[in-house]
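A look at the structure
Below are the chains, spelled out letter by letter.
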Amino acid sequence: MSNKRTNWPVTTLLIVGTLLILLPLYLTITIAFKTPQEMAGNLLALPKSWSLDNFTQAIEMTNFFNALGNSVFVTIFVVIFTVLTNSLVAYAIARNMHKKAYKFLFYYFVSAMFIPFPIIMLPIVKQTAAWGMDNLVGLIILYVVFNLSFNTFIYVGYIRSIPKELEEAAVIDGASTWGVFWRVIFPLLAPMNATVAIITCLGAWNDFMLPLVMLSDRDMATLPLVQYIFQSQFSTNYNLAFASYIMALAPMIIVYIFAQKWIISGVMKGSIK
Amino acid sequence: MMNKKNYVYMIIAIPAFILFFIFHTYPALQGIFYSFTDWKGYGDWSFVGLKNYLNVFKDERALDAYGFTFKFAVISTILVNIFSLLIAMGLNAKIKFHKTLRAIYFLPYILSILIVGFIFNFIFTHFLPGIGESLGIEFLTKNILGDQKLAWLGIVLVAVWQSVAFNTILYLAGLVTIPEDLYEAASIDGAGIWRKFWNITFPLIAPFFTINMVLAMKNFLMVFDQIVALTGGGPGTSTESISLLIYRGGFEGGEFAYQSANAVIYFIVIVVISIIQLKFLEKREAES
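Residues numbered from 1 in each chain as written. Chains lettered and ligands numbered in written order. Predicted model: local features only at pLDDT ≥ 70, side-chain atom pairs only at ≥ 80, totals over all residues.

**A short note on the overall build of chain A**
Operational definition: Every helix listed is a DSSP run of H or I at least four residues long, and every strand listed is a run of E at least two residues long, numbered separately from the N terminus. Here the radius of gyration uses the C-alpha set of atoms, whereas the globule reference equals 2.2 Å times the residue count to the power 0.38. Remark: C-beta atoms are placed from the backbone, and a residue is labelled buried if 20 or more other C-beta atoms sit within 10 Å of its own, exposed if 12 or fewer do, or partly exposed between those counts. Contact between residues is assigned whenever the C-beta positions, reconstructed from backbone atoms, fall within 7 Å.
Looking only at helices and strands, chain A features 13 helices and zero strands. Scaling as 2.2 N^0.38, a compact globule of 273 residues should have a C-alpha radius of gyration of about 19 Å, whereas chain A reaches 23 Å, well beyond that. Principal-axis analysis of the C-alpha atoms places the extent of chain A at approximately 75 × 65 × 35 Å. Out of the 273 residues in chain A, the part that is buried amounts to 40%. Across chain A, contacts joining residues at least 24 apart in sequence account for 75% of those joining residues at least 6 apart.

**Topic: the overall build of chain B**
Secondary structure assignment for chain B yields 13 helices and zero strands. Each helix and strand of chain B, placed in order from N terminus to C terminus, yields the pattern α-α-α-α-α-α-α-α-α-α-α-α-α. Compactness check: chain B gives a C-alpha radius of gyration of 24 Å against a globular reference of 19 Å for 288 residues, more than 25% above the reference. Once the C-alpha set of chain B is aligned to its principal axes, its extents read approximately 75 × 75 × 35 Å. In chain B, which comprises 288 residues, the share counted as buried stands at 41%. Contacts in chain B between residues at least 24 apart in sequence constitute 71% of all its contacts with a sequence separation of at least 6.

**Some words on the nonpolar core**
This is how it is decided: Core membership is restricted to buried Ala, Val, Leu, Ile, Met, Phe, Trp, Tyr and Cys residues, and these are joined into a nonpolar core through C-beta atoms within 7 Å.
Counting 153 residues, the largest nonpolar core has Leu139(A), Tyr245(A), Ile115(B), Ile155(B) and Ile169(B) as the members making the most contacts within it. With 15 residues, the single largest contributor to this core is helix α7 (residues 151-175) of chain B. For Tyr245(A), the contacting residues outside a window of four places in its chain are Thr28(A), Gln227(A), Ile115(B), Phe118(B) and Ile119(B).

**Observations regarding the packing of helix α9 (residues 190-206) of chain A against helix α13 (residues 238-272) of chain A**
All names here are of chain A. In plain terms, the rule: To get an axis, fit a line to the C-alpha atoms, keeping to the stretch in contact for a helix; angles then go from 0 to 180 degrees between the N-to-C directions. Here roughly perpendicular refers to angles of 65 to 115 degrees, roughly parallel to angles under 35, roughly antiparallel to angles over 145, and oblique to all remaining angles. Helix crossings fall into two classes, left-handed where the near helix is turned counterclockwise from the far one by less than a right angle and right-handed where it is turned clockwise.
Between α9 and α13, the least distance of the axes is 9 Å, while the angle of their chain directions is 125°. The orientation of α9 relative to α13 falls into the category oblique. Relative to α13, α9 is oriented so that their crossing is left-handed. Contact residues: Pro-191, Ala-194, Thr-195, Ile-198, Ile-199 and Trp-205 in α9; Met-252, Trp-262, Ile-263, Gly-266, Val-267, Lys-269 and Gly-270 in α13.

**Remarks on the packing of α7(B) against helix α10 (residues 206-221) of chain B**
Residues and elements named next belong to chain B. As a packed pair, α7 and α10 sit with axes 10 Å apart at the nearest point and diverge in direction by 160°. In this view, α7 runs roughly antiparallel relative to α10, as classed from their interaxial angle. Handedness of the α7/α10 crossing: right-handed. Across the interface between the two elements, Ala-159, Ser-163, Asn-167, Leu-170, Tyr-171, Ala-173 and Gly-174 from α7 touch Phe-208, Ile-211, Asn-212, Ala-216 and Phe-220 from α10.

**Notes on the environment of Thr168(B)**
Residue and element names in this part refer to chain B. The residue Thr-168 is located in helix α7 in this model. Considered as a pair, Thr-168 and Phe-17 are 151 residues apart in the sequence and their alpha carbons are 35 Å apart. Sequence-distant contacts of Thr-168, that is, excluding residues within four places in its chain, are made with Ser-84, Ile-87, Ala-88 and Tyr-105.

**Section: the interface of chain A and chain B**
Here is the rule we go by: Amino acids outside the nonpolar list (Ala, Val, Leu, Ile, Met, Phe, Trp, Tyr, Cys, Pro) and the charged list (Asp, Glu, Lys, Arg) are all regarded as polar, and Gly is one of them.
Taken together, the 64 residues of chain A in the interface contact 69 residues of chain B. For the side of chain A that touches chain B, the element with the highest residue contribution is α13(A), accounting for twelve residues. Here the side of chain A that touches chain B is built from residues that sort into 48 nonpolar, 13 polar and three charged.

**Description of the environment of Val156(B)**
Mapped onto the elements, Val156(B) comes out in helix α7. Aside from chain neighbours lying at most four places away, what touches Val156(B) is Phe72(B), Ile75(B), Ser76(B) and Leu79(B).

**Observations regarding the confidence of the model for chain A**
Under the convention used in this document: What pLDDT expresses is the predictor's confidence in each residue, scored from 0 to 100.
The share of residues in chain A with pLDDT of 70 or more is 97%, and the mean pLDDT across the chain is 90. Here helix α12 (residues 231-234) of chain A is the element of chain A with the lowest mean pLDDT, 76, and helix α3 (residues 64-94) of chain A is the one with the highest, 96.

**Structural notes on the environment of Phe65(A)**
Mapped onto the fold, Phe65(A) is located in helix α3. Assessed through the 11 C-beta atoms surrounding it within 10 Å, Phe65(A) is described here as exposed.

**What about the confidence of the model for chain B?**
Residues and elements named next belong to chain B. Mean pLDDT over chain B works out to 90, with 99% of the residues at or above the 70 mark. Within chain B, the lowest mean pLDDT, 82, falls on helix α6 (residues 138-141), and the highest, 95, falls on helix α3 (residues 60-92). Scoring the predicted complex yields pTM 0.91 and, for the interface, ipTM 0.91.

**What to know about unusual backbone geometry**
For the bond from Gly234(B) to Pro235(B), the omega torsion is -5°, close enough to zero to count as cis. Note on placement: Pro235(B) falls in the loop between α11 (225-230) and α12 (242-251). Although it is not a glycine, Asn63(A) adopts a positive phi angle of roughly 50°. Take Asn63(A): there are 16 C-beta atoms within 10 Å of it, and that puts it in the partly exposed class. In this structure, Phe97(B) is a non-glycine residue whose phi angle is positive, near 55°.

Right, here's the structure in full:
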């Protein structure tokens, strides 16, 4: 290990191992371009033509752009509000941890991480329906509130490591607590904000259970939920189904291709905390 | 000045507390409350004491769900940790294409679990049997998801396929903190790969091992999406997890109160398992 020579046996093993990850994706992409007749032949073969028919048909059938719009709407607002509000709450807690009430609040939020979703699932559905929150806005509110649990934990640790002198200097210059947070602390939180934004984005985009139980109106379905709703219609036509899956996965994969470095390090930072 | 500052902190903290209470704590308390009643989710109800709790322990479907969920969670946790540690050590070695390989191994983490499940559903139903037939491999020719005894293995496979990504990254974060000269010193002492692993690598990444075991176990105990996409709990109810049972019974079966009791038991089980795991693993960390 001491020399700088490349370890080829390990490199080779790892390259072979990626087949296990890439093969299902290869199948998904090629099948999405095939016709039902081609499915009888070799499944590993490339499609005869790269026709977009399956995609246009799947777009129409699942009302794809509507679902995409819903997912994008929910994800963007959840990310923005989570980062802005959760960091602010964590700041209030972090700067007052010596007080009983704030210490209690910290443990109150953090301990909720241990509560499995099914225990609140049945009542929350009744409650959101009764309050007219069984829609995308309700979904956004719930995500932002639930995220407090994990984010308080990671933000508070980070904020406490920021020296108070930085704030005091700003206070002497006449800044209010509010001003101190937005102009001094929030920018310093940038690495943590990125981590929270990435984890929140992936969570909101891919979540299936909360939209499934909460949204009663089909027009509000998010991308994963739409795949579930159309599953029965797809069952006879895998080509359409896979075209639909590809389109649902594509936005995140595209983001990942360009930002994988930040996504991996963001997730890593969030979990080491 | 001081008072005004405290006032601002309160204006931030109090709404956060109220919102969290309304949307998280209150529903949880409601669930606990109704678990002592016979409410169907609609209509009248009355208190029934501990009846729901006692019935869960007598309910074979519920016991089977617990049995399946534990079996699935324990085996998946072990497999995920073995594979992700191996991959992480591979990625930490002096390899070519390091960044690309890391990006590919992390890719499953960003994909929707439900859609991945649907894709693997096809692989188990059509692709693998097709390969089995053309190569004459008897074992592959049948769809394991359709077999009462084997369907759970399909779910383990998909869960592991996807979860290895996240745990690999965590282990990698631990491995890069180990200084190279420790290995060099061990090499001079004549230590082989195996000794290096048990005496250097493993003790130094013990905290990461703890986090990985606890997180993986907790996530797998809540398994839901994979099952919806792969088997829907079938064949029969052989792959019905606790989450799926609560969802089905609560929303489709008119068992609001009964499944609330089940959810409370489930919650206690998860907390107890997490605490035991933490205690046990932390003790090992301290020893090593």
